[in-house]
Amino acid sequence: MSVIVDMRTRLVQYGFTTPIALGRMPDQPDIVLMLREYEAGPNRAFTAANLPVFEELAVQMWVRVGKDAGIAAAQTIAVQAYRILSGRHLRINGNSYDRFIAAWTPAHLSTDALDRPIVGTNWRIQRWGNVVAPTPPGA
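Residues numbered from 1 in each chain as written. Predicted model: local features only at pLDDT ≥ 70, side-chain atom pairs only at ≥ 80, totals over all residues. Heavy atoms only, no water.

(A) Main features of helix H1 (residues 3-13). Of all the positions in H1, only Val3, Ile4, Asp6, Met7, Arg10 and Leu11 are classed as buried. Projected onto a plane normal to the axis of H1, the buried residues spread over an arc of 155° and lie on a single side. For H1, the N-terminal capping position is held by Ser2, with its side-chain oxygen 3.3 Å away from the main-chain nitrogen of Ile4. The positive-phi residue at the C-terminal boundary of H1 is Gly15, with phi of around 85°. (Buried < 20%, exposed > 50% of the residue type's maximum accessible area, 1.4 Å probe, protein only. Helix = DSSP H or I, 4+ residues; strand = E, 2+ residues; numbered from the N terminus. Arc of directions from axis to C-beta. Polar contact = N/O pair within 3.5 Å; in protein donor to acceptor, adjacent residues only side chain to side chain.)

Right, dumping it as structure tokens:
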């Protein structure tokens, strides 16, 4: 299962009510949190059977609000999500994570084409890999 689905699950479980978009920033609604996975680089820890022990993951988190709401409104929503997601040794949807660490406290990044402010951060995530090799068909 995708890490961004797990992040959405954790946010909802902890009472986060802002609409959450996965994979892309939609045009509407004005107020939205977006999670998008991107390349984190190669995994570095493997078992003797070449299965990943720890999977390195990376996610962008952006929060956008209406043009007249201001940067502070986007910052408030982003910090709420940041506090819910930050942690170590988490289990979400049956997946085990060693850490969720933000690159920085959510900060103003830009505005979109409709002058709506965007606040965000990037996440570095380490997931415990499934080190049980799959059973070959017919075995």
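(B) How the structure looks around helix H2 (residues 71-85). Given a rise of 1.5 Å per residue, 15 residues ought to cover 21 Å, and the 21 Å separating the end C-alpha atoms of H2 matches this to within 8%. Summarising the contacts, the buried residues of H2 are in contact with H1, strand S2 (32-38), strand S4 (52-64), strand S5 (87-92), strand S6 (95-102) and strand S8 (117-128). (Expected span 1.5 Å × (residues − 1). Contact = heavy atoms within 4.5 Å.)

(C) Looking closely at the packing of aromatic side chains. Scanning all chains against the criterion turns up three aromatic pairs. Where Tyr82 meets Trp123, the ring centres are 6.1 Å apart and the plane angle is 40°; that geometry is what we call tilted. A residue pair is termed long-range when its members are at least 10 positions apart, and Tyr82 in helix H2 and Trp123 in strand S8 qualify at 41 residues. Trp123 sits in the buried class, given a relative accessible area of 0%. For the pair Phe100 and Trp123, a centre-to-centre distance of 6.4 Å together with 70° between the ring planes defines the contact as edge-to-face. (Phe/Tyr/Trp six-rings, centres within 6.5 Å; stacked < 30°, edge-to-face > 60°.)

(D) Local environment of unusual backbone geometry. A cis amide bond links Gln28 with the next residue in sequence, Pro29, at an omega value of 0°. Mapped onto the fold, Pro29 is located in the loop between strand S1 (20-22) and S2. The backbone of His89 shows a phi angle near 55°, a positive value even though the residue is not glycine. Relative to the assigned elements, His89 resides in strand S5. For His89, a relative accessible area of 55% puts it in the exposed group.

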